[in-house]
Amino acid sequence: MSLCLILCRCDCKSEYKVDEERSSKYPFVGALCMNGGDVDNSYTTKSLLQKRVLSITNPILVKNTEEMLTNLDFPKCIKVADLGCSSGQNTFLAMSEIVNTINVLCQKWNQSRPEIDCCLNDLPTNDFNTTFKFITFFNKKLTSNGSCFVSGVPGSFYSRLFPRKSLHFIYSIYSIHFLSKVPDGLEKNKMSVYITSSSPLSEYKAYLNQFKRDFTTFLRMRSEEMVHNGRMVLTLIGRNTLDNPLYRDCCHCWTLLSNSLRDLVFEVYSFKMPFYDPNEEEVKEIIRNEGSFQINDLEMHEFDLGHSKEKCSLQSHKAKAGQKEASCIRAVTETMLVAHFGDDIIDALFHKYAHHVSQHASCRVKTSVTLIVSLVRK
């Protein structure tokens, strides 16, 4: 039986302040959340790539869950946190895998099943209501009975969310590539919402510095909340280029979004993505410099954009691939785009986006790189 409730941590004094004057340049960042509900264009129905990513993350989740359990000598109560849970069925796929792994291993080692506290975190604007509608789905995914409690924890993971030394296992899937704010100093690039091959090097440095600041804060907050020898598994969008930090190919999702916006509004300098796709070396350097965690696993996986690999020469397949990706990107970006441009352009914008994708639907270039890193609290 799972118990659902909403917990909200209120800070009288924030531990991670964002410069309000500087962040006011891009107020749409405050609208960052995935499309809610379970209708067409919602994150619930369009998070197909995220489901694929979950399938490659599962082996590392299982391995680190087992190691956490044995290294901590089978705690009687285990607290697990999903940071950036978003909404929909996908939220419970990873959590059910972890809970099942714990129960199976306890049975194997003739240990009593622990009480498991499953904490779902995202920003307060997240659609938690839709998420909790899938509690029945979660219960059906569990392979054995046990004491399992589910709670929602609204708040930014760039701040403290939990009491000190209370968490045993943390995971975050496709969330920490989103930054706390758009970096400063991007005014020179008026033609793109993100880094491109034609961007000035200063733009890359601005994004990298913001990611360093945010990821370092994320690690420091989690180090305070996690018990010694606790585990953390992070999955994020990255890149595989080391020699040219500006390289983003023609199929990159933000390049396609920039092209689509320019078709409608000409200049996009006032809209920038609060996002950064690091490479392996950048991630490793930040973790080592922060110093609270030891790297246990670090893997890189490549995906296409979800285009059909068979019969891509047919125009109908190209159009379908374009519509599919446009819907996925719309589910992720629509709230911010509406906050900045209004909702009048949205349908036309993603019609343009689908068209641009279809022009590259036969491309075999891998344009989505996923990094998976598991960490042990020192």
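Since this is a predicted model, take the numbers as computed values, not measurements. (Residues numbered from 1 in each chain as written. Predicted model: local features only at pLDDT ≥ 70, side-chain atom pairs only at ≥ 80, totals over all residues. Heavy atoms only, no water.)

S.K.: Could you give an account of the overall build of the protein chain, with specific residues and numbers?
M.R.: Scanning the protein chain from N- to C-terminus turns up eleven helices and eight strands. By element, 51% of the accessible surface of the protein chain is carried by carbon and sulfur atoms, the whole surface being about 16400 Å². (Helix = DSSP H or I, 4+ residues; strand = E, 2+ residues; numbered from the N terminus. Areas by Shrake-Rupley, 256 points an atom, 1.4 Å probe, with all protein chains shown as cover.)

S.K.: Any details on the packing of aromatic side chains? Residues and values, ideally.
M.R.: The tally for this structure, following the rule as stated, stands at 13 aromatic pairs. Ring plane angle 75 degrees and centroid distance 4.8 Å describe the contact between Y194 and Y207, whose orientation is recorded as edge-to-face. Linking Y194 in the loop between strand 5 (167–173) and helix 7 (201–225) with Y207 in helix 7, this pair joins segments that are 13 residues apart in sequence. Accessibility expressed as a relative area gives 0% for Y207, which makes it buried. An aromatic cluster is defined as three or more aromatic residues linked by ring pairs; in this entry it consists of F157, Y158, F211, F215, F218 and Y276. Directly above the aromatic system of F218 lies the positively charged group of R222, at a separation of 5.1 Å from the ring centroid. (Phe/Tyr/Trp six-rings, centres within 6.5 Å; stacked < 30°, edge-to-face > 60°. Buried < 20%, exposed > 50% of the residue type's maximum accessible area, 1.4 Å probe, protein only. Lys NZ or Arg CZ within 6 Å of the ring centre and 35° of its normal.)

S.K.: So, the packing of helix 8 (residues 253–265) against helix 11 (residues 346–358): which residues are in play, and what are the values?
M.R.: Contact geometry for helix 8 and helix 11: axes closest at 9 Å, N-to-C directions at 125 degrees. With respect to helix 11, the element helix 8 is oriented oblique. In terms of crossing hand, the pair formed by helix 8 and helix 11 is right-handed. Contact residues: C253, L256, L257, N259, S260, L261, D263 and L264 in helix 8; A348, L349, K352, Y353, H356 and V357 in helix 11. Of the residues in the contact of helix 8 with helix 11, the class split is nine nonpolar, three polar and two charged. (Axes fitted to C-alpha atoms, helices over the stretch in contact; angles between N-to-C directions. Parallel < 35°, antiparallel > 145°, perpendicular 65-115°, else oblique. Left-handed = near helix turned anticlockwise from the far one by under 90°. Contact = heavy atoms within 4.5 Å. Nonpolar A, V, L, I, M, F, W, Y, C, P; charged D, E, K, R; others polar.)

S.K.: I'd like a description of empty space enclosed by the protein, backed by residues and values.
M.R.: Scanning the entire structure with this criterion turns up two cavities of 30 Å³ or more. What the largest cavity holds in volume is close to 50 Å³. For the lining of the largest cavity, the per-class residue count stands at five nonpolar, five polar and no charged. (1 Å grid on protein atoms, 1.4 Å probe; cavity = no way out; pocket = protein on both sides within 12 Å on 5 of 7 lines; lining within 4 Å. Points joined across faces, edges and corners; volume = space filled by probe spheres on them.)

S.K.: So what's going on with helix 9 (residues 280–290)? Residues and values would help.
M.R.: Residues of helix 9 that are buried include every one of E282, V283, K284, I286, I287 and E290, and no others. Close packing links the buried residues of helix 9 with helix 7, strand 7 (293–303) and strand 8 (368–377). The distance from a side-chain oxygen at the start of helix 9 to the backbone nitrogen of E281 is 3.1 Å, and the residue carrying that oxygen is N279. Downstream of helix 9 by a residue or two, G291 has a phi angle that is positive, lying close to 90 degrees. (Polar contact = N/O pair within 3.5 Å; in protein donor to acceptor, adjacent residues only side chain to side chain.)

S.K.: Describe in detail the packing of helix 7 against helix 9, supporting the description with residues and values.
M.R.: Contact pair helix 7 / helix 9: the axes reach a minimum separation of 10 Å and the direction vectors enclose 45 degrees. By the criterion of interaxial angle, the relationship of helix 7 to helix 9 is oblique. Crossing hand, helix 7 versus helix 9: right-handed. For the pair formed by helix 7 and helix 9, the contact residues are Y204, L208, F211, K212, F215, T216, L219, R220 and S223 on the first element and E282, V283, I286, I287 and E290 on the second. The residue makeup of the contact of helix 7 with helix 9, split by class, is eight nonpolar, two polar and four charged.

S.K.: Account for the environment of A326, naming residues and giving values.
M.R.: Within the element layout of this structure, A326 appears in helix 10 (residues 315–341). Each C-alpha atom, one on A326 and one on L256, is 9.6 Å from the other, the two residues being 70 residues apart in sequence. Among all residues touching A326, those that are not within four sequence positions of it are F350, Y353 and A354.

S.K.: Quick rundown of the side chain of T57? Include the residues and the values.
M.R.: Summarising the element assignment, T57 is placed in helix 3 (residues 48–71). Of the polar contacts made by the side chain of T57, one reaches the side chain of T235; its length is 3.4 Å.

S.K.: How would you summarise the pattern of salt bridges if you had to cite specific residues and measurements?
M.R.: Within the structure shown, the criterion is met by 13 salt bridges. Put simply, E225 and R160 hold a salt bridge, and the shortest N to O gap is 3.5 Å. Remark: R160 occurs in the loop between strand 4 (148–154) and strand 5 and E225 occurs in helix 7; sequence separation between them is 65 residues. As far as burial versus exposure is concerned, E225 and R160 are alike and both buried. The closest approach of N and O atoms between E282 and R239, which form a salt bridge, is 3.1 Å. On the criterion of sequence distance, the pair formed by E282 in helix 9 and R239 in the loop between strand 6 (226–238) and helix 8 is long-range, its members being 43 residues apart. Judged by relative accessible area, which is 7%, E282 ranks as buried. (Salt bridge = Lys/Arg side-chain N within 4 Å of Asp/Glu carboxyl O.)

S.K.: So what's going on with the confidence of the model for the protein chain? Which residues, and what values?
M.R.: Per-chain confidence: the protein chain averages 83 in pLDDT, with 79% of residues scoring 70 or above. This stretch, residues 1–23, has a pLDDT under 50; its non-local contacts, to residues over four places away or in other chains, come to 46 contacts. Every residue in residues 307–312 is under pLDDT 50, and counting partners more than four places away or in other chains gives 16 contacts. (pLDDT = per-residue confidence, 0-100.)

S.K.: Go over the nonpolar core, please, and point to the residues and values.
M.R.: Counting residues in hydrophobic clusters, the biggest one holds 99 residues, and the most contacted among them are Y171, F215 and F218. Counting residues per element, this core draws most heavily on helix 4 (residues 90–108), which supplies nine residues. Not counting residues within four places of it along the chain, the set of residues in contact with F215 comprises I176, L234, V283, I286 and I287. (Core = buried A, V, L, I, M, F, W, Y, C linked by side-chain atoms within 4.5 Å.)

S.K.: Quick rundown of the pairing of strand 8? Include the residues and the values.
M.R.: The element strand 8 is largely enclosed, with a buried count of ten among its ten residues. Sheet analysis places strand 6 next to strand 8, joined by eight bridges and oriented antiparallel. If you follow G238 over to strand 8, its bridge partner there is V369. Where strand 7 lies against strand 8, ten bridges are found, and the strand directions are antiparallel. Across the sheet, E299 pairs through a bridge with I372, a residue of strand 8. (Pairing = 2+ DSSP bridges.)

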